[in-house]
Amino acid sequence: MLDQLEIVEDRYEQLNELLSDPDVVSDPNKLRQYSKEQSDLSKTVEVYRNYKEVKQQLEEALEMMGDAEDAEEEAMIKEEIAELKPQIPALEEELKFLLIPKDPNDDKNVVMEIRGAAGGDEAAIFAGDLFRMYSKFAEEQGWKIDIMEASEADHGGYKEIIFMINGNGAFSKLKFENGAHRVQRIPSTESGGRIHTSTATVAVLPEVEDVEIDIKQEDLRIETYRSSGSGGQHVNTTDSAVRITHIPTGIVATSSEKSQIQNREKALKLLKTRVYDMMLQEEQAKYAEQRKSAVGSGDRSERIRTYNYPQNRVTDHRIGLTIQKLDQIVEGKVLEIIEALTVAEQTSKLEELNEGVL
């Protein structure tokens, strides 16, 4: 571990030099790349330097013990040793977690796709509840939401809603929401008072930058069509909606707002994100064959969480976490679950790191 930390510190110093190099300063791409890398390493270097300083102070204090001239000086040295000693294992543990490879997508914005699944009208209503929950969570985090496409259901909620969340670290917090969410409650349409079980699926895709994926223009089929409205003055009388198909993969993205130019931009961004996500899913599937993460494989058909309204209970099945705060969680207070999932994944990765898998 100490060898790895020395390499990290050396790289950090190298980046300091690079960031003052005129050739780098004049190149926006290199400047952004090196600045981000330095920022990612800064916490590890800070803790490592603190660790080395504490360790040196402890070694000096232990040497001074043999040279103490009187009982008072010996007592002072013992007190210093007692203060320094517990810091070493705590700092070592922190450094182990800091050495876990960071997900390169963690700082990205996300595209979320929520769809009503099993349960008809109630599934669509639940999809709407999930959208509201994530919207409130995003608001608490200071993130911005931009709805890209939505198909409202007849009795409330959404058959499907696709939206972007713009905010630093959005993917790092929301990536664990991938999967099938299950609700157990008495629907408003249920006259007999019976509890129904319905599901909605959530997909969380990291926003992709143009530099990360190359999609050729000849691989795209771009079509325009007239979007459907709610009637009267809202009916779209021009072919402003855009549908883009990535021919090699068959992936489709649409956008149907008023401006065809905006629709083309949004649909292309969504298409690139979906193609990039497909590549990520294939990589994760290969990895999952070797190791099973504590928070699941990322398979979107995997049932990850149950929201039980009669018992005011939420259970995350991946880590066996049950919280009796459903009323608060549906109001966007999901950070407790997210933090528990983050710790579970970090612990799992630490075990793999110790086994030499990562």
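Preceding this paragraph is the structure being described.
Bear in mind that the values here come from a model prediction, so they are computed numbers and not experimental data. (Residues numbered from 1 in each chain as written. Predicted model: local features only at pLDDT ≥ 70, side-chain atom pairs only at ≥ 80, totals over all residues. Heavy atoms only, no water.)

### Things to note about the nonpolar core
Of all hydrophobic cores here, the largest spans 34 residues; its most connected members are Met 112, Ile 114, Leu 130, Ile 165 and Leu 174. Examining the composition of this core, we find that eight residues originate from one element, helix α6 (residues 121–141), more than from any other. (Core = buried A, V, L, I, M, F, W, Y, C linked by side-chain atoms within 4.5 Å. Buried < 20%, exposed > 50% of the residue type's maximum accessible area, 1.4 Å probe, protein only. Helix = DSSP H or I, 4+ residues; strand = E, 2+ residues; numbered from the N terminus.)

### With respect to the sheet that holds strand β11 (residues 321–323)
The strand order across the open sheet built from eight strands is β2-β3-β1-β5-β4-β9-β10-β11, with neighbouring strands paired in mixed fashion. Looking at the sheet topology across the chains shown, the edges are occupied by β2 (144–152) and β11. Taking the axes of each pair of neighbouring strands and ignoring which way they run, one obtains an average angle of 15 degrees across the sheet. Note: strand β1 (residues 110–116) against strand β3 (residues 158–166), six bridges, orientation antiparallel. (Pairing = 2+ DSSP bridges. Axes fitted to C-alpha atoms, helices over the stretch in contact; angles between N-to-C directions.)

### Considerations on the layout of surface pockets
Empty space left among the atoms is revealed by rolling a probe the size of a water molecule over them. Here the largest pocket defines a volume of roughly 1,400 Å³. As for the largest pocket, its lining consists of 39 residues, of which Lys 36, Asp 40, Lys 102, Asp 103 and Asp 107 are closest to the centre. When residues of the lining of the largest pocket are traced back to their parent elements, those giving at least two are α3 (28–65), α5 (87–98), α7 (170–174) and α10 (335–354). If you tally residues by element for the lining of the largest pocket, the top one is α3, at eleven residues. For the lining of the largest pocket, a count of residues per class yields twelve nonpolar, nine polar and 18 charged. (1 Å grid on protein atoms, 1.4 Å probe; cavity = no way out; pocket = protein on both sides within 12 Å on 5 of 7 lines; lining within 4 Å. Points joined across faces, edges and corners; volume = space filled by probe spheres on them. Nonpolar A, V, L, I, M, F, W, Y, C, P; charged D, E, K, R; others polar.)

### A few points about the pattern of salt bridges
Following the criterion strictly, the structure yields 24 salt bridges and no others. Between Glu 37 and Arg 11 there is a salt bridge; the shortest N-O distance is 2.8 Å. With Glu 37 in helix α3 and Arg 11 in helix α1 (residues 2–18), this residue pair connects regions lying 26 residues apart in the sequence. By relative accessible area, Arg 11 is classed as partly exposed at 24%. Notably, a salt bridge pairs Lys 136 with Glu 331, separated by 3.8 Å at the nearest N-O pair. Of this pair, Lys 136 sits in helix α6 while Glu 331 sits in the loop between α9 (326–329) and α10, and the two are 195 residues apart along the sequence. A single network of salt bridges, built from pairs that share partners, joins Glu 6, Glu 9, Glu 13, Arg 49 and Lys 52. (Salt bridge = Lys/Arg side-chain N within 4 Å of Asp/Glu carboxyl O.)

### Things to note about the packing of α1 against α3
At a closest axis distance of 9 Å, the pairing of α1 and α3 adopts a crossing angle of 130 degrees. The orientation of α1 relative to α3 falls into the category oblique. Here α1 runs over α3; the crossing is left-handed. Between α1 and α3, the contacting residues are Leu 2, Leu 5, Glu 6, Val 8, Glu 9, Arg 11, Tyr 12, Glu 13, Leu 15, Asn 16 and Leu 18 on the first element and Tyr 34, Glu 37, Gln 38, Leu 41, Ser 42, Thr 44, Val 45, Tyr 48, Arg 49, Tyr 51 and Lys 52 on the second. (Parallel < 35°, antiparallel > 145°, perpendicular 65-115°, else oblique. Left-handed = near helix turned anticlockwise from the far one by under 90°. Contact = heavy atoms within 4.5 Å.)

### A word on a negative patch on the surface
A contiguous patch of negative charge, built from Glu 59, Glu 60, Glu 63, Asp 67, Glu 69, Asp 70, Glu 72, Glu 79, Glu 80 and Glu 83, is present on the exposed surface. Listing elements by their share of the negative patch, those giving two or more residues are α3 and α4 (71–84). Ranked by residue count, the leading element in the negative patch is α4, at four residues. (Patch = residues over 30% accessible without salt bridge, like charges linked within 9 Å, V, L, I, M, F, W, Y side chains within 5 Å. Areas by Shrake-Rupley, 256 points an atom, 1.4 Å probe, with all protein chains shown as cover. Lys, Arg positive; Asp, Glu negative; His and termini not counted. Charge placed at Lys NZ, Arg CZ, Asp CG, Glu CD.)

### A few points about the pairing of strand β10 (residues 313–316)
The side chains of a regular strand alternate, first on one face of the sheet and then on the other. On β10, burial covers both faces: Arg 313 and Thr 315 on one face and Val 314 and Asp 316 on the other are all buried. Bridging between strand β9 (residues 303–308) and β10 involves four bridges; their strand directions are antiparallel. Within β10, the residue paired with Arg 305 across the bridge is Asp 316. Connecting the antiparallel pair β9 and β10 is a turn made up of four residues, with Asn 312 showing a positive phi of about 50 degrees. Two elements, β10 and β11, share three bridges in a ladder whose sense is antiparallel. By the bridge assignment, Asp 316 is partnered in β11 with Leu 321.

### What to know about unusual backbone geometry
One non-glycine residue with positive phi stands out, namely Asn 312, at about 50 degrees. Along the polypeptide, Asn 312 turns up in the loop between β9 and β10. We classify Asn 312 as partly exposed; its relative accessible area is 26%.

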